[in-house]
Amino acid sequence: MANVRDLKKDINYVLGDIIEAVYVWEMENTDKDTKESEAIIDEAIETFDVLIAKVNAKDVETPKAHFKAINLELEEKGKALIEKINKLS
(Lines give C-alpha, C1' and ligand atoms only; values in the text may rest on other atoms or scores of the structure.)
Protein backbone atom coordinates (compact mmCIF):
# COMPACT_ATOMS: atom_id res chain seq x y z
CA MET A 1 0.00 0.00 0.00
CA ALA A 2 2.99 2.32 0.17
CA ASN A 3 2.66 2.86 -3.59
CA VAL A 4 -0.86 4.24 -3.24
CA ARG A 5 0.29 6.59 -0.49
CA ASP A 6 3.28 7.72 -2.57
CA LEU A 7 1.08 8.27 -5.62
CA LYS A 8 -1.31 10.41 -3.60
CA LYS A 9 1.64 12.43 -2.28
CA ASP A 10 2.99 12.87 -5.81
CA ILE A 11 -0.38 14.12 -7.03
CA ASN A 12 -0.59 16.54 -4.12
CA TYR A 13 2.96 17.83 -4.50
CA VAL A 14 2.94 18.23 -8.28
CA LEU A 15 -0.38 20.02 -8.48
CA GLY A 16 0.36 22.02 -5.33
CA ASP A 17 3.63 23.24 -6.84
CA ILE A 18 1.81 24.23 -10.02
CA ILE A 19 -0.74 26.24 -8.05
CA GLU A 20 2.06 27.85 -6.07
CA ALA A 21 3.84 28.80 -9.31
CA VAL A 22 0.66 30.50 -10.53
CA TYR A 23 0.39 32.45 -7.26
CA VAL A 24 4.02 33.56 -7.62
CA TRP A 25 3.32 34.70 -11.18
CA GLU A 26 0.28 36.65 -9.99
CA MET A 27 2.33 38.35 -7.26
CA GLU A 28 5.06 39.30 -9.72
CA ASN A 29 2.57 40.58 -12.31
CA THR A 30 0.06 42.55 -10.28
CA ASP A 31 -0.70 44.82 -13.23
CA LYS A 32 -1.91 41.95 -15.45
CA ASP A 33 -5.31 40.29 -15.67
CA THR A 34 -5.61 37.10 -13.62
CA LYS A 35 -8.40 35.36 -15.54
CA GLU A 36 -5.99 33.02 -17.32
CA SER A 37 -4.02 32.25 -14.19
CA GLU A 38 -7.18 31.57 -12.19
CA ALA A 39 -8.31 29.18 -14.93
CA ILE A 40 -5.01 27.29 -14.54
CA ILE A 41 -5.59 27.00 -10.79
CA ASP A 42 -9.14 25.75 -11.38
CA GLU A 43 -7.86 23.18 -13.88
CA ALA A 44 -5.20 22.00 -11.42
CA ILE A 45 -7.82 21.55 -8.69
CA GLU A 46 -10.11 19.68 -11.07
CA THR A 47 -7.21 17.45 -12.15
CA PHE A 48 -6.42 16.75 -8.49
CA ASP A 49 -10.01 15.70 -7.80
CA VAL A 50 -10.14 13.43 -10.85
CA LEU A 51 -6.81 11.73 -10.14
CA ILE A 52 -7.54 11.16 -6.45
CA ALA A 53 -10.91 9.65 -7.39
CA LYS A 54 -9.12 7.28 -9.77
CA VAL A 55 -6.60 6.31 -7.07
CA ASN A 56 -9.43 5.59 -4.64
CA ALA A 57 -11.38 3.45 -7.15
CA LYS A 58 -12.06 0.05 -5.62
CA ASP A 59 -13.05 -1.98 -8.70
CA VAL A 60 -9.66 -2.29 -10.40
CA GLU A 61 -8.70 -5.51 -12.18
CA THR A 62 -4.95 -4.88 -12.42
CA PRO A 63 -3.87 -2.41 -9.75
CA LYS A 64 -0.28 -2.07 -10.96
CA ALA A 65 -1.32 -1.06 -14.48
CA HIS A 66 -4.07 1.17 -13.09
CA PHE A 67 -1.68 3.13 -10.88
CA LYS A 68 0.92 3.35 -13.63
CA ALA A 69 -1.71 4.88 -15.92
CA ILE A 70 -2.63 7.41 -13.22
CA ASN A 71 1.03 8.32 -12.81
CA LEU A 72 1.37 8.86 -16.57
CA GLU A 73 -1.79 10.98 -16.61
CA LEU A 74 -0.40 13.09 -13.77
CA GLU A 75 2.79 13.61 -15.75
CA GLU A 76 0.90 14.62 -18.91
CA LYS A 77 -1.51 16.96 -17.13
CA GLY A 78 1.31 18.47 -15.09
CA LYS A 79 3.36 19.23 -18.20
CA ALA A 80 0.33 20.76 -19.91
CA LEU A 81 -0.36 23.02 -16.91
CA ILE A 82 3.30 24.09 -16.72
CA GLU A 83 3.20 24.99 -20.41
CA LYS A 84 0.14 27.14 -19.73
CA ILE A 85 1.95 28.89 -16.90
CA ASN A 86 4.92 29.56 -19.18
CA LYS A 87 2.60 31.10 -21.79
CA LEU A 88 1.06 33.59 -19.37
CA SER A 89 1.80 37.08 -20.60
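One can find the structure itself at the top, above this paragraph.
Nothing here was measured: the structure is a model prediction, and the numbers come from that model.

**Q** How would you explain the overall build of the protein chain if you had to name every residue and give the values?
**A** The helix and strand inventory of the protein chain stands at three helices and zero strands. Along its sequence from the N terminus, the protein chain presents helices and strands in the succession α-α-α. Expressed as lengths along the three principal axes of its C-alpha atoms, the size of the protein chain is roughly 50 × 15 × 15 Å. Carbon and sulfur atoms form 52% of the exposed surface of the protein chain, whose accessible area is close to 6400 Å². One finds the centroid of the 13 positive side-chain charges in the protein chain at a distance of 7 Å from the centroid of its 20 negative side-chain charges.

**Q** How would you sum up the packing of helix α2 (residues 35-55) against helix α3 (residues 63-87)? Please name residues and give values.
**A** In the contact formed by α2 and α3, the axes pass within 11 Å of each other and the chain directions differ by 180 degrees. For the element pair α2 / α3, the angle class is roughly antiparallel. For the pair formed by α2 and α3, the contact residues are I40, E43, A44, T47, L51, K54 and V55 on the first element and H66, F67, I70, E73, L74, K77, L81, K84 and I85 on the second. Grouping the constituent residues of the contact of α2 with α3 by class yields nine nonpolar, two polar and five charged.

**Q** Break down the side chain of E26 for me, with residues and values.
**A** Along the chain, E26 turns up in helix α1 (residues 2-28). No salt bridge is formed by the buried E26. Its closest oppositely charged neighbour is K32, at 13 Å. One polar contact links E26 to S37, side chain to side chain, over a distance of 2.6 Å. The residues contacting E26, other than those within four sequence positions of it, are T34, S37, E38 and I41.

**Q** How would you summarise the pattern of salt bridges if you had to cite specific residues and measurements?
**A** Counted according to the given criterion, the structure contains three salt bridges. A salt bridge links K84 to E43; its shortest N-O distance comes to 2.5 Å. Here E43 lies in helix α2 and K84 lies in helix α3, a separation of 41 residues in the sequence. With a shortest N-O distance of 2.7 Å, K54 and E73 are connected by a salt bridge. Of the two residues, K54 is situated in helix α2 and E73 in helix α3; the sequence distance between them amounts to 19 residues. The class of E73 is buried, set by a relative accessible area of 18%.

Rules used throughout
Residues numbered from 1 in each chain as written. Predicted model: local features only at pLDDT ≥ 70, side-chain atom pairs only at ≥ 80, totals over all residues. Heavy atoms only, no water. Helix = DSSP H or I, 4+ residues; strand = E, 2+ residues; numbered from the N terminus. Areas by Shrake-Rupley, 256 points an atom, 1.4 Å probe, with all protein chains shown as cover. Lys, Arg positive; Asp, Glu negative; His and termini not counted. Charge placed at Lys NZ, Arg CZ, Asp CG, Glu CD. Axes fitted to C-alpha atoms, helices over the stretch in contact; angles between N-to-C directions. Parallel < 35°, antiparallel > 145°, perpendicular 65-115°, else oblique. Contact = heavy atoms within 4.5 Å. Nonpolar A, V, L, I, M, F, W, Y, C, P; charged D, E, K, R; others polar. Buried < 20%, exposed > 50% of the residue type's maximum accessible area, 1.4 Å probe, protein only. Salt bridge = Lys/Arg side-chain N within 4 Å of Asp/Glu carboxyl O. Polar contact = N/O pair within 3.5 Å; in protein donor to acceptor, adjacent residues only side chain to side chain.

None of the figures reported here should be taken as evidence of function without further support.
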